[in-house]
Structure formats: C-alpha cells, structure tokens
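The residues making up each chain are set out below.
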Amino acid sequence: MRDFLVIGHRGACGYEPENTLRSFKKALELGCAWIELDVHMADNQLIVIHDEDLSRTTNGIGRVSETAFSYLQSLDAGLGERIPTLSEVLDLIEHRCNINIELKGQGTAIAVSALLQKRLSKHNQFLISSFDHTELLQMDTRYQRGAIFSQRTDSLVTNTLSLSADTLVVKHNLISSSIVDEAHNASLRVLVYTINDSKDIKDMLDLGVDGIFTDFPDRATLLKDNA
Ligand code: G3P
Ligand code: CA
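Residues numbered from 1 in each chain as written. Chains lettered and ligands numbered in written order. Predicted model: local features only at pLDDT ≥ 70, side-chain atom pairs only at ≥ 80, totals over all residues. Heavy atoms only, no water.

### Some words on the coordination of the calcium ion (ligand 2)
In step 1: Within the protein, Glu36 (OE), Asp38 (OD) and Glu102 (OE) serve as the donor atoms for the calcium ion (ligand 2), at 2.0 to 2.2 Å.
In step 2: Counting residues between consecutive donors of the calcium ion (ligand 2) along the chain gives the motif E-x1-D-x63-E. Remark: Glu102 occurs in strand S4 (residues 98-103) and Asp38 occurs in strand S2 (residues 34-42); sequence separation between them is 64 residues. Considered together, Asp38 and Glu102 belong to a single accessibility category, that of buried residues. (Donors = N, O, S within 2.8 Å, 3.2 Å for Na, K, Ca; no water. Helix = DSSP H or I, 4+ residues; strand = E, 2+ residues; numbered from the N terminus. Buried < 20%, exposed > 50% of the residue type's maximum accessible area, 1.4 Å probe, protein only.)

Structure (structure tokens):
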C-alpha cells in the first residue's frame, strides 16, 4: 500500500481544543504518525497557537506577538488548557510521532531552527511549512520544507521548487489530478488541507495525493486502511 499521510491538524482539533497538549495527546491516542501545529513568536518564546489575535481560541485579548509570556501562560485555551510552548509539545511528543511545524509569524524560522538544533531530535521527522515564503526561506535546510498555498498561482509546482521545498501544501479547492501529476513529476510530495468529510477523504485517496491535514484523524486512517 502506498504511503498516505494522515496529519492531525492542530492535534486532533475535531475532538479537543486546537493546538493544546490535550489535542496533541488525543492525536497520539488516535495513532497519528504526524501532527501539525502553528507557531508564533511572543516575548522571545515559540508559542503554539494559530491566530495572531488571542480572542478566538483563548479567554484573553490582544495580539500574541505583543503579549508578555506570563500573560499568555495565564490564559485558558479551552477546557482549562494553557497555550503550550513549542518545547512543551516536543517534550510531550518525544519520539512518538512526526511533527509539522507551521511558521506563522516573523522570526519563527530562525527560532525553530535554533530550537531543533539544540534538541537534536533524531527520532522524529520534521516538516517545516509556511504561507510566508520569505520566512520559510530562512529555515535551516536540513528539515523537510513545505510551501503552503491558499490561492491559485501560475505554477504551484514551479513556485514550490523555487523555494527549495520538497512538499507542496495546498488548500482543498486548488487540488486537481493535473497538479498532482505535475508535482509528482517534479518529485514533490503533495499534501492537502483541511479534509474532514469521508467523501472528501476518499476523493483525495483517489486523486493520489500524498496526505491530508484533518481534524478527525481516525476517519482518515479508517478509510486509508480500507482503500
Ligand atoms: O498547513 C495546512 C494548514 O494548517 C494551513 O491552514 O489556517 O489551518 O493554518 P491553517
Ligand atoms: Ca496550520
């Protein structure tokens, strides 16, 4: 059977508060071989949170990048969970699954490169991805690199190659069999986000993409195993 990556999006955020340790634990329980998380810089720390603004996912207010670490630590990110740092997530995961770190803000590439270098984790694969291609280019080249696109461009494949990325990450509405073929001919891996519905998961398997980001990893694993 070909490899089809089921990547737990923000952990297993269909079941638990996104980007919390509880969500990453749930993804591990569901047997995810990969999890995805989002990082911002705040107060010189790598913080695991999706939005730049605190209001959607926590009981706080303000911009993450302008907020003191002590305030961030005091917030509830859902069901009493704290906003984790990237180090805390790496400590939780240890060698148990591979990790996609999405760079969300300025300064994250240099900080993530330094943190991974310090931890010298040999037992996980890391895929580092971003919509911010300028930030992505600053990432240590020893890690797998994913260029994310939410908009159609003249050539997704050419743009991905120009960033020295090995992975093309695309929004579900941009994917087609011709893009999959073009990417595979250029030796790129193709990952699609965010795919939750069973029919859509089957469509992605049929299209021959290399994996999906999903809030419900168990659904995708079941369909993949029966494909
Ligand atoms: O990388 C796939 C996906 O995580 C990108 O979208 O908004 O969920 O970070 P978003
Ligand atoms: Ca993300």
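### Looking at the site of ligand 1
In step 1: Looking at ligand 1, the residues that line it are His9, Arg10, Glu36, Asp38, His50, Glu102, Lys104, Phe131, Ile148, Val169, Tyr193 and Phe213.
In step 2: Glu36 places a polar side-chain atom, nitrogen or oxygen, 2.8 Å from an oxygen atom of ligand 1.
In step 3: Contact between ligand 1 and Lys104: an oxygen atom at 2.8 Å from a side-chain N or O atom of the residue.
In step 4: Within the complex, the protein chains bury 91% of what would otherwise be the 290 Å² of accessible surface of ligand 1.
In step 5: Taken together, the residues that form the shell around ligand 1 break down as five nonpolar, two polar and five charged. (Near = heavy atom within 4 Å. Polar contact = N/O pair within 3.5 Å; in protein donor to acceptor, adjacent residues only side chain to side chain. Areas by Shrake-Rupley, 256 points an atom, 1.4 Å probe, with all protein chains shown as cover. Nonpolar A, V, L, I, M, F, W, Y, C, P; charged D, E, K, R; others polar.)

### Thoughts on the UniProt feature "domain: GP-PDE" (unreviewed entry) in the protein
In step 1: According to UniProt, the positions carrying the feature "domain: GP-PDE" (unreviewed entry) are residues 4-224.
In step 2: Helix makes up 33% of residues 4-224 and strand 22%, with an end-to-end C-alpha separation of 7 Å. (UniProt positions renumbered as here; feature names shortened; annotations may be inferred.)

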